[in-house]
Amino acid sequence: MPNDKFFDESTAQSRIKATIVRDYFWAWVKVIVSTQKKWKRGDRIAYIDLFAGPGRYNDGTKSTPLLVLESAIADTDMCERLVTLFNDADKKNSEALAKEIDAIPGIKSLKYKPQIQAEEVGDNIVKMFEKSKLVPTFFFVDPWGYKGLSLGLINSVLRNWGCDCVFFFNYNRINMGLGNEAVQEHIDVLFGPERAARLRTKLEGLVPWERETAIVEALAEALKELGADYVLPFCFKDENGTRTSHHLVFATKHPLGYRIMKEIMAKYSSEEHQGVASFEYRPASQNYPMLFEFNRPLNDLEEMLLREFAGQTLTTEQIYDLHNVGRPYIMKNYKVVLRKMKDNNVIRTEPTKLRAGTFGDTVKVTFPMKEGN
């Protein structure tokens, strides 16, 4: 399918996706630049987008490259440090993007001129990245389908210090592709041949939501084998809100990046259940099962904490770090539940007296022993 069809995507979905990427990129820049200044670890950062498109969706909405560059122009550190590479195999798209970039007010204030190219994404680009020691890089991979998206491509960037990745996971096409021998090669490089074979067998007879869970979990397992210990998917539903169209998947080696992106994705979720974000966006919000570990309401959290931390004394920050990965809860959710447990004398805290309605990061919490111990 022609790549330009991708830019017919609905305004709401394209805006949410681009905003999530822009907001995380901004937060990532602040963390990386601060670290570089403190430890003298270089003076450049990079943003790479290998499926950049023409710069705008067909309704005129700005896509990610323009949002990123506008953020850079508005910030002194980014003006001096940011190196950008925008690629699209469709020459018409890359030419249109070049014109859009040239028209951005203040674009010449950037120290490093944006690089724009029209190359097919494949082994050559992977090998180029593998041979290079990249500066801290935010890597955005947004293909229309699955061609060009591979574990090798993601790993070629993530293996370097300070590098994070967000990529578009076209669930509809990949779900269909898993049963199509004609595209087996593309599916195998995404999951790894052995995992893809196991996944095809596992999917037989599963209902749709079970298939989705199995596919996304297989992807997360593959990424973790590469060293991306923290993987976070954000689900987009179709216009009716009943079927998954795609996921935006975040992969990082660092828990701070995971925490920051989790807060951002929670903010842009279209639903909350008892204050817990759904980590999905649906144009028509309806009740529908979420992914396996993201289907726990807030009233389950107290039970989980009592079971997993029985007899232990930990700070709020430690509780969050040890428990939140792979679950939908953000720090605010933990503090609400811990405060409730404190008020009900379920846990003990140090200090014993806390300001009403608060629960600080450094408060020490002692959980009761399990009954019978």
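Nothing here was measured: the structure is a model prediction, and the numbers come from that model.

*Asks:* So what exactly am I meant to see when it comes to the overall build of the protein chain here?
*Replies:* Looking only at helices and strands, the protein chain features 14 helices and 13 strands. Taken over the C-alpha trace, the protein chain has a radius of gyration of 22 Å; the compact-globule value for 373 residues is 21 Å, and the two agree within 12%. In terms of overall dimensions, the protein chain has a C-alpha envelope of 70 × 55 × 40 Å along the principal axes. Taking all 373 residues of the protein chain together, the buried fraction comes to 52%. Considering only residue pairs separated by 6 or more positions, the protein chain has 69% of its internal contacts joining residues 24 or more positions apart. Accessible surface for the protein chain amounts to roughly 17,700 Å². Of this, 50% is attributable to carbon and sulfur atoms. Within the protein chain, the 50 negative side-chain charges are centred at a point lying 6 Å from the centre of the 51 positive side-chain charges.

*Asks:* How do you make sense of the sheet that holds strand S2 (residues 82-87) when you look at a structure like this?
*Replies:* Read from one edge to the other, the open sheet built from 8 strands follows the order S3-S2-S1-S4-S5-S7-S6-S10, with strand pairing classed as mixed. Since the sheet does not close on itself, it has two edges, and those belong to strand S3 (115-117) and strand S10 (280-281), each with one partner. Alignment of strand S6 (residues 230-237) against strand S7 (residues 244-252), held across 8 bridges, turns out to be antiparallel. Across the sheet, cysteine 235 pairs through a bridge with histidine 247, a residue of S7.

*Asks:* For this particular structure, what's the right way to read the pairing of S6?
*Replies:* Every regular strand shows the same layout, with side chains that alternate between the two sheet faces. With 8 of 8 residues buried, S6 is to be regarded as a mostly interior element. Across 2 bridges, the pairing between S6 and S10 is parallel. When the bridges of S10 are listed, cysteine 235 appears paired with glutamate 280.

*Asks:* What's the story with the environment of glutamate 272 in this structure? I'm lost.
*Replies:* Turning to its location among the elements, glutamate 272 is positioned in strand S8 (residues 272-273). Owing to a relative accessible area of 49%, glutamate 272 belongs among the partly exposed residues under this scheme. Sequence separation between glutamate 272 and threonine 64 is 208 residues, and the spatial gap between their C-alpha atoms is 26 Å. When near neighbours in sequence (up to four residues on either side) are disregarded, glutamate 272 contacts Ala277 and Lys332.

*Asks:* Would you take a moment to explain the nonpolar core for this structure?
*Replies:* One recurring pattern in soluble globular proteins is that nonpolar side chains are buried together. In this structure, Ile20, Phe25, Tyr47, Phe138 and Met261 are the most contacted members of the largest nonpolar core, which totals 47 residues. For this core, the element with the highest residue contribution is helix H1 (residues 11-39), accounting for 10 residues. Once residues lying within four places of it in the same chain are set aside, the contact partners of phenylalanine 138 are Val21, Tyr24, Phe25, Trp28, Ala46, Tyr47, Ile48, Asp164 and Val166.

*Asks:* Help me out: how do you make sense of the packing of helix H9 (residues 193-203) against helix H10 (residues 208-225) in this one?
*Replies:* The relative placement of two packed helices comes down to the angle between their axes together with the axis-to-axis distance. At a minimum axis separation of 10 Å, H9 and H10 run at an interaxial angle of 165 degrees. In terms of orientation, H9 and H10 fall into the roughly antiparallel class. When you trace H9 past H10, the crossing you get is right-handed. Only Arg211, Ala214, Ile215, Ala218, Glu221, Ala222 and Glu225 of H10 make contact with H9, whose side of the interface consists of Arg195, Leu199, Lys202 and Leu203.

*Asks:* Mind showing me how you'd approach the side chain of arginine 259 here?
*Replies:* By secondary structure assignment, the location of arginine 259 is in helix H11 (residues 255-267). Not counting residues up to four positions away in its chain, the partners in contact with arginine 259 are Glu317, Tyr320 and Met331.

*Asks:* What is the right way to read the pattern of salt bridges from this model?
*Replies:* Where charged atoms from two side chains of opposite charge approach closely, those side chains can pair. Scanning the entire structure with this criterion turns up 14 salt bridges. Between aspartate 142 and lysine 17 there is a salt bridge whose closest N-O contact spans 3.5 Å. Highlighted residues: aspartate 142 in the loop between strand S4 (137-141) and helix H6 (151-158) and lysine 17 in helix H1, separated in sequence by 125 residues. Among the ionic pairs, aspartate 188 bridges to arginine 200, the shortest N-O distance being 3.1 Å. With aspartate 188 in helix H8 (residues 184-191) and arginine 200 in helix H9, this pair connects stretches of sequence that are 12 residues apart. Residue classification places arginine 200 among the partly exposed residues on the basis of a relative accessible area of 22%. The network of salt bridges with shared partners includes Arg195, Glu221 and Glu225.

Cut-offs and rules
- Residues numbered from 1 in each chain as written.
- Predicted model: local features only at pLDDT ≥ 70, side-chain atom pairs only at ≥ 80, totals over all residues.
- Heavy atoms only, no water.
- Helix = DSSP H or I, 4+ residues; strand = E, 2+ residues; numbered from the N terminus.
- Rg over C-alpha atoms; globule rule 2.2 N^0.38 Å.
- Buried < 20%, exposed > 50% of the residue type's maximum accessible area, 1.4 Å probe, protein only.
- Contact = heavy atoms within 4.5 Å.
- Areas by Shrake-Rupley, 256 points an atom, 1.4 Å probe, with all protein chains shown as cover.
- Lys, Arg positive; Asp, Glu negative; His and termini not counted.
- Charge placed at Lys NZ, Arg CZ, Asp CG, Glu CD.
- Pairing = 2+ DSSP bridges.
- Core = buried A, V, L, I, M, F, W, Y, C linked by side-chain atoms within 4.5 Å.
- Axes fitted to C-alpha atoms, helices over the stretch in contact; angles between N-to-C directions.
- Parallel < 35°, antiparallel > 145°, perpendicular 65-115°, else oblique.
- Left-handed = near helix turned anticlockwise from the far one by under 90°.
- Salt bridge = Lys/Arg side-chain N within 4 Å of Asp/Glu carboxyl O.

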